[in-house]
Amino acid sequence: MQLHLSPSMRSITISSSSSSSSSSSNGNGNSNNNGIVDLMKIKVAARHMSYRTLFYTIFILAVVLPFVFITTAVVTLEGVDNCSSLECLGRRFGPKLLGKDDSALRLVKDFHKILNQVNTEEIPSGLKIPESLNHLVSDMKNNQYDAKTFAFMLKAMIEKLEKDLREAKFAELMNKHFAASSIPKGIHCLSLRLTDEYSSNAHARKQLPPPELLPLLSDNSYHHFVVSTDNILAASVVVSSTVQSSPSPERIVFHIVTDKKTYAGMHSWFALNPVSPAIVEVKGVHQFDWLTRENVPVLEAIESHNGIRNYYHGNHVAGTNLSETTPRMFASKLQARSPKYISLLNHLRIYLPELFPNLDKVVFLDDDLVVQRDLSPLWEIDLEGKVNGAVQTCQGEDEWVMSKRFRNYFNFSHPLIAENLDPEECAWAYGMNIFDLRAWRKTNIRDTYHSWLKENLRSSLTLWKLGTLPPALIAFRGHVRPIDSSWHLLGLGYQNKTSIESVNQAAVIHYNGQSKPWLPIGFEHLRPFWTKHVNYSNDFIRNCHILES
């Protein structure tokens, strides 16, 4: 290849010498008398061009043209008829230049076809499934499997992995259920130590409240709160957070109701750790004259019925087809079989008008919540003649907490439910309710509650499965006044995606669900809102190793 510059620097000729070109020069018109074949001639315009521009032009041509020459030669050798356009050249050489190959694409298509075929066929019974990817690669290398056998092995490995993952998920749900139903060692220790203190320390047995404050227990000018629980630590957090959030704690009266076995320890705690100026009363269910077997026969039947006890305390996996049950359905069934649902303390709220005959209005609080704002404005809400002021739980989008309607709680395939209830009726939340006891006493709410409990027992628990809320949803129909959702944020024990901003804005945050903040399975980022109200300097808490961490 030769480069010729004209003397005037106005033309550039790039040519190739060929010994045989002269013989064919007459027919191509591109050869001269010296046997030089002109490949390209460039005429430079008759205007000034810098030597730098000229240099770069020559350099680029010197790089590009050999490539064009070689490519053209290759195409010629492979056959001009096979590729006669620039598009053809792009298809032919593009994949090679980009590191791709038509054979690789064909291989992918063939393997995709094999996978589709294998997906519709059963795995051969004698196929040995590799335990890991390394084993699969080793087997492929040693046995020279074809593509179809490889696809079957891959399918078998994936199905086995899915099965193992599913079983692990169900095992996790079972373990979580047992953890949620258990009593942590520290909380059990606290109850035992405080019970022992009640028998040995006169200060732990002092009257609550003092005799001079007894009239305030029925004074309707005060704000009365009711908590029903056998968890001393949880009760202390509810009381402490409520008092700390109130600008007028001296107007607060707490009525703590507990069972007989916890009464001594609960009394000791509040006797030794007063929350003055607020007033605290502690009573055991055995101290209410009204709570007799004659007045609560249905609850007595629930606690003593062998079938019911086996349902809540028995084998939770027996009779469950795990292959046809999703993890979420299984989790819901486990939640419905929590032993707390047959506890009298959990049903106690339905008897508030009888337990506190001298009170007109009370706020009922569950023991798994924290109060973050003054609740006194609840007493100013006009319930419009209704009995129950509650947050509705059908206004949100999440599937676990705030999208609940009657269809989520009742078995609408049962004719009795289908005839009497609307599946789209909005549900409401237990846990933070303002009750007008005067209006309640004019209704038949308690009798309706008992009637439906009996019907569910006769139907072998086929009307509903989940605890105390379903019969309450029926009993309070037409007696609920919705209140603003900012009063009560639910779900902190169900979902760890609860937004911190929503938590900070709520008046009451409720850890309803399995992941209670005092359990190891509680959500770490939500736990501090509860633990900040625990007095870790208290000797009983410290000696029982109830640690903030």
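Residues numbered from 1 in each chain as written. Predicted model: local features only at pLDDT ≥ 70, side-chain atom pairs only at ≥ 80, totals over all residues. Heavy atoms only, no water.

A. Inspection of the overall build of the chain at higher detail. The secondary structure content of the chain amounts to 21 helices and twelve strands. For the chain, the proportion of its 549 residues judged to be buried stands at 43%. A separation of at least 24 residues holds for 72% of the contacts in the chain among residues at least 6 apart in sequence. (Helix = DSSP H or I, 4+ residues; strand = E, 2+ residues; numbered from the N terminus. Buried < 20%, exposed > 50% of the residue type's maximum accessible area, 1.4 Å probe, protein only. Contact = heavy atoms within 4.5 Å.)

B. The confidence of the model for the chain, seen in detail. This prediction gives the chain a mean pLDDT of 81; 72% of its residues lie at or above 70. Within the model, pLDDT remains below 50 along residues 18–37, and this stretch shows 17 contacts once partners closer than five positions in the same chain are excluded. (pLDDT = per-residue confidence, 0-100.)

C. Up close: the pattern of salt bridges. Scanning the model with the defined rule gives 14 salt bridges in all. Close ionic contact of Lys 148 with Glu 121 constitutes a salt bridge, the shortest N to O distance being 3.7 Å. Highlighted residues: Lys 148 in helix H6 (residues 147–181) and Glu 121 in the loop between helix H4 (102–119) and helix H5 (133–143), separated in sequence by 27 residues. The exposure class assigned to Lys 148 is partly exposed, which follows from its relative accessible area of 31%. Ionic pairing is found between Arg 542 and Asp 539, a salt bridge with its closest N-O pair at 2.5 Å. On the criterion of helical spacing, the pair formed by Arg 542 and Asp 539 is a turn pair, its members being three residues apart in helix H21 (residues 539–543). Via salt bridges that share partners, Asp 230, Asp 259 and Lys 261 belong to a single interconnected network. (Salt bridge = Lys/Arg side-chain N within 4 Å of Asp/Glu carboxyl O.)

D. Quick look at the sheet that holds strand S7 (residues 361–365). Judged by pairing direction, the sheet is mixed, and its seven strands sit side by side in the order S6-S5-S4-S7-S10-S9-S11 without closing on themselves. Two strands lie at the open edges of the sheet, namely strand S6 (279–284) and strand S11 (480–482), each paired on one side alone. Between one strand and the next, the sheet's axes are offset by a mean angle of 25°, whatever the strand orientation. Both strand S4 (residues 223–228) and strand S5 (residues 252–258) contribute to a ladder of six bridges, which runs parallel. Within the sheet, the bridge partner assigned to Val 227 lies in S5 and is Ile 256. Here helix H9 (residues 260–272) sits on the sheet in contact with S5 and S6, set at roughly 160° to S6. (Pairing = 2+ DSSP bridges. Axes fitted to C-alpha atoms, helices over the stretch in contact; angles between N-to-C directions.)

E. The state of the cysteines, seen in detail. Taken as a whole, this structure holds two disulfides when the rule is applied. At a sulfur-sulfur separation of 2.1 Å, the disulfide partner of Cys 189 is Cys 544. On the sign convention where negative means left-handed, the S-S torsion of about -75° between Cys 189 and Cys 544 marks this disulfide as left-handed. Here the residue Cys 189 occupies a position in helix H7 (residues 185–200), and Cys 544 occupies one in the segment after H21, the gap between them amounting to 355 residues. By relative accessible area, which is 6% here, Cys 544 ends up buried. Through a disulfide, Cys 394 is tied to Cys 426; the S-S separation comes to 1.8 Å. Taking the sign of the S-S torsion, about -100° here, the bridge from Cys 394 to Cys 426 comes out left-handed. Of the two residues, Cys 394 sits in the loop between strand S9 (388–390) and helix H15 (415–420) while Cys 426 sits in the loop between H15 and strand S10 (432–436), which places them 32 residues apart along the sequence. Overall, Cys 394 belongs to the buried group, its relative accessible area being 11%. (Disulfide = S-S within 2.5 Å.)

F. Layout of the nonpolar core. In terms of nonpolar packing, the biggest core is built from 65 residues, with Leu 190, Phe 254, Ile 256, Phe 270, Leu 365, Leu 378 and Ile 509 touching the most fellow members. Ignoring anything within four residues of it in the chain, the contact list for Ile 509 reads Asp 368, Leu 369, Val 370, Gln 372, Leu 489, Leu 492, Val 503 and Phe 529. Formed by 42 residues, the second largest nonpolar core is a distinct cluster that contains Phe 364, Tyr 409, Ile 417 and Tyr 430. (Core = buried A, V, L, I, M, F, W, Y, C linked by side-chain atoms within 4.5 Å.)

G. Local environment of the side chain of Thr 393. Positionally, Thr 393 belongs in the loop between S9 and H15. Given the relative accessible area of 4%, Thr 393 is considered buried. In this structure Thr 393 touches Val 401, Met 402, Ser 403, Lys 404, Cys 426, Ala 427, Trp 428, Ala 429 and Leu 490, once residues within four positions along its chain are discounted.

H. Spatial organisation of H9. Between its first and last C-alpha atoms H9 spans 19 Å; for 13 residues at 1.5 Å apiece the expected length is 18 Å, and the two agree. Taken across its 13 residues, H9 has ten buried, putting it largely inside the fold. Among all positions in H9, only Thr 262, Tyr 263, Ala 264, Gly 265, Met 266, His 267, Ser 268, Trp 269, Phe 270 and Ala 271 are buried. At its buried positions, H9 is contacted by H7, helix H8 (232–245), S5, S6 and H21. (Expected span 1.5 Å × (residues − 1).)

I. Expanded view of the packing of H5 against H6. Relative orientation of the contacting elements H5 and H6 amounts to 165°, with a least axis distance of 12 Å. By the criterion of interaxial angle, the relationship of H5 to H6 is roughly antiparallel. The two elements H5 and H6 cross, and the hand of that crossing is right-handed. Facing Leu 133, Leu 136, Asp 139 and Met 140 of H5, the residues of H6 in contact are Phe 150, Met 153, Leu 154 and Met 157. A class-by-class count of the residues in the contact of H5 with H6 yields seven nonpolar, no polar and one charged. (Parallel < 35°, antiparallel > 145°, perpendicular 65-115°, else oblique. Left-handed = near helix turned anticlockwise from the far one by under 90°. Nonpolar A, V, L, I, M, F, W, Y, C, P; charged D, E, K, R; others polar.)

J. Main features of the environment of Ala 147. Mapped onto the elements, Ala 147 comes out in helix H6. Residues Ala 147 and Ile 114 lie 33 residues apart in sequence; the distance between their C-alpha atoms is 7.4 Å. Leaving out residues up to four positions away in the same chain, Ala 147 has contacts with Phe 111 and Ile 114.

K. Region of the structure containing the packing of aromatic side chains. Counted by the stated rule, this structure contains 13 aromatic pairs. Both rings, one in Tyr 198 and one in Tyr 263, keep their centres 6.3 Å apart while their planes meet at 70°; by these two values the pair is edge-to-face. Taken together, the positions of Tyr 198 in helix H7 and Tyr 263 in helix H9 put the pair 65 residues apart, joining distant regions of the chain. The interplanar angle of 50° and the centroid separation of 5.3 Å between the aromatic rings of Trp 290 and Tyr 351 together place this pair among those described as tilted. (Phe/Tyr/Trp six-rings, centres within 6.5 Å; stacked < 30°, edge-to-face > 60°.)

L. Seen up close, H6. Compared with an ideal rise of 1.5 Å per residue, which puts 35 residues at 51 Å, H6 spans 51 Å between its outermost C-alpha atoms and is within 8% of the ideal. Along H6, the positions that sit buried rather than exposed are Ala 151, Phe 152, Met 153, Lys 155, Ala 156, Met 157, Phe 170, Leu 173, Met 174 and His 177.

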